[in-house]
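# Coordinates in review
Each chain is listed here by its residues.
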Amino acid sequence: MRFLLLSFFFFSLTVSAQQNVQIKGKVVTESGDPLPGASVYVDNSTIGEKTGIQGVVDNYNIGAIADEQGQFTLSVSDKISSLTCSFIGYDTQKVDIVNKHFVLIKMKESDSKMLDNVVVTGYQKIEKRKLTSSIFTIKAKDILQAGVPSIDMMLSGQVPGVQATTLSGAPGAPVKIRIRGTASLNGTQDPLWVLDGIPIDGTDLPDMSGENIDQLFTSSIAGINPSDIADITILKDAAATAIYGARAANGVIIITTKKGKIGKPLVQLNTNLSFTERPDMNKLNLMNSSEKIDYELQLAKYPDLDSDNSVTKKGAIGRLFDEYGLWDQYRNGGLESLPANVLSQITDLRKINTNWGHELYQTAANQDHSLSVSGGSDRASYYFSTGYYDEKGTTIGTSLNRLNFTMKGEYKLFDNFTLGVEMYNSERKQGSYLTNTGSMTNPSRYSRVANPYLSVYDDKGNYNYDSDMPLYNGNLIDYNIIEERNNTSNIQKIRSSNTIFSIDWKIIPKLKCSSQFGLQRDNENDQQYGSGNSY
């Protein structure tokens, strides 16, 4: 009898340990609106149940989905002390259910866009799991680089399947971006840029022929401060044309900028100082003055190279031998047979060793400063920023300056009506000197072919001219690239302004109207100057 009573006691305890309790609740937003579709579940709980098939166990989790009114009912073990609630765009909440039969869960909107779950396509926000097209999203903070002035440059090497090539090494030069390869032989191949839902005009790269080369710096996207960008979404496949039409045939790059968040004012100051090294001319293995003199002396030994336009007639050695009539004397008696004054001049030439790489290029310092103030309340939010970027090109005489002002505001005029205003203003100034008037006016070519024994200035401070550089129809003219740099200028000023107005009208709980209106204005001023002493 005692054994039976004891057995019954333990059986009662076991049954009691397995009792479940029913929890009811409601999931709402901070404003009290129901949040249908929210997931309410017991975290880290997986239950295994035998099936009719030997060795097969069916695993499931304990949870429920909130209905249209945000309500849910869940049966859990009385040993469970908390429930977890999650929903896309909101922070995950954990609530205590000990000795409770009803819980009210208030969900707080997430501070981030949750890029892993939601994709911004310009006209809509869609869950990533529902996407069927090729889309890539990246946060701007992950690709920001010191010394890089524009967002198109920062995309280089960052996105799979996207080719980004810098067209030149000039400060502020744009990047040629190909998302879907070469789609046209004659038409534009550049992607469509979209800023906060509004397409931007003036981002196509011009034809590379003739005077259009100077328009390479007018890309509208170059005026956007990278520090104002929150994230970038790239639409790669043909599905982008369903949203933006034929303009999206080459892909779409969508820029979403930062905005104010509910809370106390947030002040951010970013300062970057970077350096770009001077190009290493030693890798070209160019001859120094002594090596160039020995090379010319060696060529002068061969009379079969003589002609009016021969290599023996060029260079300082050839000019010395022509001036003093020393060709036969040198070829018969060698270097020792030359007069002392000529030998002295040759020795002086060996001592000059002008480093044209140092005369034309420099180690450049770049600085980037940005200041932003943001904040807001449940009725309004704001974001203000200003930025200054200054870049000195590695080619002496080239530079880029950019000044940005950004203002954004979002105002909840009524409980179901929100008005947004955005203004992006920038001024860019790019400076250079005229380098496309002839082959020798290009500093890269000049630094490789200029004679190392030619100094920039003579003893009186006047410019020296290299007689071995025909510039005009094969005829010799007085030309010194340093003089050209000091007497020419190529300055371009661009002022850009983008204004975006947006409204969001929640007509009824499941019907929402959104509209945007954008204004863009670009003003460009080009000044090219060459004095009488320039080429």
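Up top is the structure.
Since the structure is predicted, the reported quantities are computational estimates derived from the model, not experimental observations. (Residues numbered from 1 in each chain as written. Predicted model: local features only at pLDDT ≥ 70, side-chain atom pairs only at ≥ 80, totals over all residues. Heavy atoms only, no water.)

This next bit is on the overall build of the chain. A count of helices and strands for the chain gives ten helices and 25 strands. Just so you have it, the chain exposes about 30400 Å², and 50% of that area is on carbon and sulfur atoms. (Helix = DSSP H or I, 4+ residues; strand = E, 2+ residues; numbered from the N terminus. Areas by Shrake-Rupley, 256 points an atom, 1.4 Å probe, with all protein chains shown as cover.)

What follows concerns a negative patch on the surface. Together, Asp 201, Asp 522, Glu 524 and Asp 526 make up a region of like negative charge exposed at the surface. Relative to the assigned elements, Asp 526 resides in strand S25 (residues 511-530). When its relative accessible area of 42% is taken as the criterion, Asp 526 is described as partly exposed. (Patch = residues over 30% accessible without salt bridge, like charges linked within 9 Å, V, L, I, M, F, W, Y side chains within 5 Å. Salt bridge = Lys/Arg side-chain N within 4 Å of Asp/Glu carboxyl O. Lys, Arg positive; Asp, Glu negative; His and termini not counted. Charge placed at Lys NZ, Arg CZ, Asp CG, Glu CD. Buried < 20%, exposed > 50% of the residue type's maximum accessible area, 1.4 Å probe, protein only.)

This brings us to the packing of aromatic side chains. Taken as a whole and judged by the stated rule, the model has eight aromatic pairs. Ring plane angle 85 degrees and centroid distance 5.3 Å describe the contact between Phe 321 and Trp 327, whose orientation is recorded as edge-to-face. Owing to a relative accessible area of 0%, Phe 321 belongs among the buried residues under this scheme. Pairing Phe 414 with Phe 417 gives two aromatic rings, centres 6.4 Å apart and planes at 65 degrees, and the pair type is edge-to-face. Site record: aromatic cluster; members linked through ring pairs are Phe 321, Trp 327 and Tyr 330. (Phe/Tyr/Trp six-rings, centres within 6.5 Å; stacked < 30°, edge-to-face > 60°.)

What follows deals with the pairing of strand S15 (residues 229-235). With six of its seven residues buried, S15 lies for the most part within the structure. For strand S10 (residues 135-139) and S15, the ladder comprises five bridges, and the chain directions are antiparallel. Of the residues in S15, the one forming a bridge with Ile 138 is Ile 232. The pairing of S15 with strand S16 (residues 252-257) spans six bridges and is antiparallel. Each bridged residue has a counterpart across the sheet, and for Asp 231 the counterpart in S16 is Thr 256. (Pairing = 2+ DSSP bridges.)

Attention now moves to a nonpolar patch on the surface. On the surface, Trp 505, Ile 507, Ile 508 and Leu 511 cluster together into a nonpolar patch covering about 360 Å² of accessible area. Ranked by residue count, the leading element in the nonpolar patch is strand S24 (residues 488-508), at three residues. Its place among the elements puts Ile 507 in strand S24.

Inspection of the entire model under this criterion finds five cavities of 30 Å³ or more. Reported here for the largest cavity is a volume of approximately 90 Å³. Of all the secondary structure elements, the ones that give two or more residues to the lining of the largest cavity are strand S20 (399-414), strand S21 (417-432) and S24. Partitioned by chemical class, the residues of the lining of the largest cavity number three nonpolar, ten polar and one charged. (1 Å grid on protein atoms, 1.4 Å probe; cavity = no way out; pocket = protein on both sides within 12 Å on 5 of 7 lines; lining within 4 Å. Points joined across faces, edges and corners; volume = space filled by probe spheres on them. Nonpolar A, V, L, I, M, F, W, Y, C, P; charged D, E, K, R; others polar.)

This part covers unusual backbone geometry. The phi torsion at Asn 99 lies on the positive side, around 60 degrees, for a residue other than glycine. Examined against the element boundaries, Asn 99 turns out to sit in the loop between strand S6 (93-96) and strand S7 (102-107). Its identity is not glycine, yet Asn 353 carries a phi of approximately 50 degrees, on the positive side. Secondary-structure assignment places Asn 353 in the loop between helix H7 (340-352) and helix H8 (356-360).

When two helices pack together, their arrangement is given by the angle between the helix axes and the distance between those axes. Orientation of helix H4 (residues 289-299) relative to helix H5 (residues 315-324), taken along the N-to-C sense of each, is 50 degrees, at an axis distance of 7 Å. For the element pair H4 / H5, the angle class is oblique. On H5, the residues that touch Ile 293, Glu 296 and Leu 297 of H4 are Gly 315, Ala 316, Ile 317 and Phe 321. Looking at the contact of H4 with H5, its residues break down into five nonpolar, one polar and one charged. (Axes fitted to C-alpha atoms, helices over the stretch in contact; angles between N-to-C directions. Parallel < 35°, antiparallel > 145°, perpendicular 65-115°, else oblique. Contact = heavy atoms within 4.5 Å.)

All right, on to the sheet that holds strand S4 (residues 71-77) then. On the basis of which strands lie adjacent, the open sheet formed by three strands has the order S4-S1-S7 and mixed pairing. Two strands in the sheet have a free side with no partner beyond their single neighbour: S4 and S7. Adjacent strand axes in the sheet meet at a mean angle of 30 degrees when their direction is disregarded. Where strand S1 (residues 20-29) lies against S7, six bridges are found, and the strand directions are parallel. Of the residues in S7, the one forming a bridge with Lys 24 is Phe 102.

Mapped onto the fold, Thr 166 is located in strand S11 (residues 163-166). In this structure the C-alpha to C-alpha distance between Thr 166 and Ile 177, which are eleven residues apart in sequence, comes to 8.8 Å. Among residues more than four places away in sequence, those in contact with Thr 166 are Pro 174 and Val 175.

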